[in-house]
Amino acid sequence: METWSLDSPVKVAAGSISSIDNLCDALDITRSELDVALNLPDGEKYEQKDTPKKDGTKRVIFNPDFRLRRIQRRINKRIFSNGSAVRWPSYVFGSIPNSIGPNGEIVEKDYVACARKHCGSKRILNIDIKNFFENIHQRYVEEIFENFFKYPSDVSKILAELCCYRSHVVQGALTSSYIASLCLYDIEEDVAGRLIRKNLVYTRLVDDITISSKISDYNFDYARQIVEGMLLKKELPINSSKTRVQYISTAPLMVHGLRVAFSEPRLPSDEVRRIRSAVKNIETLAQECSYRTSHPYRHDFNRCMGRVNKLSRVGHRQHANLVGRMKKILPLPSKKDIERTTKIVERLTSDFATKKDTYWYWKRFYLAHERLNVLQRSFPSIAGILRKKLKYLRSTYE
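Here the structure is a predicted model, which is why all the values come from computation and not from measurement.

Let's talk about the pattern of salt bridges
Thinking step 1. All told, the structure shown has 27 salt bridges when counted by the stated rule.
Thinking step 2. The residue Asp270 makes a salt bridge to Arg274 at a minimum N-O spacing of 3.4 Å. Taken together, the positions of Asp270 and Arg274, both in helix H11 (residues 269–286) and 4 residues apart, correspond to about one turn of that helix.
Thinking step 3. With relative accessibility at 42%, the residue Arg274 sits in the partly exposed group.
Thinking step 4. Taking the shortest distance from any N to any O, the salt bridge between Lys310 and Glu271 comes out at 3.3 Å. Here Lys310 is found in helix H12 (residues 295–313), whereas its partner Glu271 is found in helix H11, with 39 residues between them in sequence.
Thinking step 5. A relative accessible area of 12% means that Glu271 is categorised as buried.
Thinking step 6. Sharing partners across several salt bridges, the network here consists of Glu108, Asp110, Arg116, Glu264 and Arg313.

Here we look at the environment of Leu330
Thinking step 1. The topology assignment puts Leu330 in the loop between helix H13 (319–327) and helix H14 (335–355).
Thinking step 2. Residues Leu330 and Gln287 lie 43 residues apart in sequence; the distance between their C-alpha atoms is 12 Å.
Thinking step 3. Here Leu330 is in contact with Arg292, Tyr297, Phe301 and Arg377, once residues within four sequence places are set aside.

Observations concerning a positive patch on the surface
Thinking step 1. Together, Arg266, Arg273, Arg276 and Arg317 give the surface a local cluster of positive charge.
Thinking step 2. Following the sequence through the fold, Arg273 ends up in helix H11.
Thinking step 3. Overall, Arg273 belongs to the partly exposed group, its relative accessible area being 47%.

What to know about the pairing of strand S8 (residues 123–128)
Thinking step 1. In terms of burial, S8 is largely enclosed, as 6 of its 6 residues are buried.
Thinking step 2. Alternating positions in S8 separate into two faces, Arg123, Leu125 and Ile127 on one and Ile124, Asn126 and Asp128 on the other, with burial throughout.
Thinking step 3. Sheet topology note: the S8/strand S10 (residues 208–213) ladder contains 6 bridges and is antiparallel. Among the inter-strand pairings, Asp128 is bridged to a residue of S10, identified as Asp208.
Thinking step 4. Sheet topology note: the S8/strand S11 (residues 244–247) ladder contains 4 bridges and is antiparallel. When the sheet's bridge partners are listed, Arg123 is paired in S11 with Tyr247.

Some thoughts on the nonpolar core
Thinking step 1. In terms of nonpolar packing, the biggest core is built from 70 residues, with Phe149, Ile211 and Val227 touching the most fellow members.
Thinking step 2. The element best represented in this core is helix H7 (residues 153–163), accounting for 6 residues.
Thinking step 3. In contact with Val227, other than residues within four places in its own chain, are Ile127, Val191, Leu195, Tyr202, Ile209 and Ile211.
Thinking step 4. Cys119, Leu253, Ala278 and Phe301 belong to the second-largest nonpolar core, a separate cluster that totals 28 residues.

Notes on the sheet that holds S8
Thinking step 1. Spatially, S5-S9-S10-S8-S11 is the arrangement adopted by the 5 strands of the open sheet, whose pairing is mixed. Strand pairing shows two members of the sheet lacking a second neighbour, strand S5 (92–93) and S11, which therefore form its edges.
Thinking step 2. Where helix H10 (residues 221–233) meets the sheet, it contacts S8, strand S9 (201–205) and S10, and its direction lies at approximately 155 degrees from that of S10.

Concerning the state of the cysteines
Each disulfide is one covalent bond, formed between the sulfur atoms of two cysteines.
Thinking step 1. Enumeration over the complete set of coordinates arrives at 0 disulfides.
Thinking step 2. The thiol of Cys119 is unpaired, and the distance to the nearest cysteine sulfur, on Cys114, comes to 11 Å.
Thinking step 3. There is no disulfide at Cys164, and the cysteine sulfur nearest it, in Cys163, is 6.4 Å away.

Criteria and cut-off values
- Residues numbered from 1 in each chain as written.
- Predicted model: local features only at pLDDT ≥ 70, side-chain atom pairs only at ≥ 80, totals over all residues.
- Heavy atoms only, no water.
- Salt bridge = Lys/Arg side-chain N within 4 Å of Asp/Glu carboxyl O.
- Helix = DSSP H or I, 4+ residues; strand = E, 2+ residues; numbered from the N terminus.
- Buried < 20%, exposed > 50% of the residue type's maximum accessible area, 1.4 Å probe, protein only.
- Contact = heavy atoms within 4.5 Å.
- Patch = residues over 30% accessible without salt bridge, like charges linked within 9 Å, V, L, I, M, F, W, Y side chains within 5 Å.
- Areas by Shrake-Rupley, 256 points an atom, 1.4 Å probe, with all protein chains shown as cover.
- Lys, Arg positive; Asp, Glu negative; His and termini not counted.
- Charge placed at Lys NZ, Arg CZ, Asp CG, Glu CD.
- Pairing = 2+ DSSP bridges.
- Core = buried A, V, L, I, M, F, W, Y, C linked by side-chain atoms within 4.5 Å.
- Axes fitted to C-alpha atoms, helices over the stretch in contact; angles between N-to-C directions.
- Disulfide = S-S within 2.5 Å.

See the structure below:
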């Protein structure tokens, strides 16, 4: 049984944001910019978009206005993801930065690292929090800033207002995943400790709580009861349809889409077959005349490469071979790309003086870099000229 030190999220920064002016300084914005973001009408703060989920239902995503997005991005960078400001607990994973362990090692915080904690399990309890973001009320967000970060009430209220929409957290706001990771900051350590003392493993990946045992017939009634009690204190309901117990004898034990009945997480065999098939499909597409220079091919190629890289994350032996095959069929530029990339660089040049601190400038800046990387493969001299121009247009946006 792995031994964990019990811990909770900890604010490690000695200082505090003591006033609204101090908040503006910390986020490197003017009071006017803050007021504009706070006073945006509800209809302008976010653009709502529905995206399909695997189960056929729809997920509502809220895309923040660029003025609000800019401030949320800085809240993340200056407060939430700042390693000198927050130390994250060992049992919380997903959408939080990796950290440095006591021996200088990198402590990974993604879904693979989370699944690894449950390797070798015999029985697993999966608990899903229903509509997690929407059920985190703005009052609890204020408490995070006031009681965890120790900010004064007026600063905490403003930060909560910047992070919430219509009195709750929404999916799409840049700060939402960090708030979700912190929302149980004052009660989760106790629950994790009680479960560890029962020789259980407890993890939470945003809204997915996983508890595992090395005993094949373990009864999870006690574990479920204390987790439900913890969530009830924060007014967070359980999604009963996604809460289940897995048994080692019924099907492969899965945590976050990975098999965990081994010493290391593994992708399901059918997923590996689908990745190989996707590579073969890209190789077939690459043989079509001029298709490697098209944007649909770039989209398909990048999507496939992302799936291939999943193999690397779990140490699969086929990763190197499939990457080698993909490198032979890299997307190629067309002459049209020269014109498009030149226009992007020219627009960046004209916008540098007035828009270099905006999100959209930042986005176009890195789009230009991406286009130049493709252009380099067939037109290295032109790519070199444009890259020199881009070097002097580096954005200061954070």
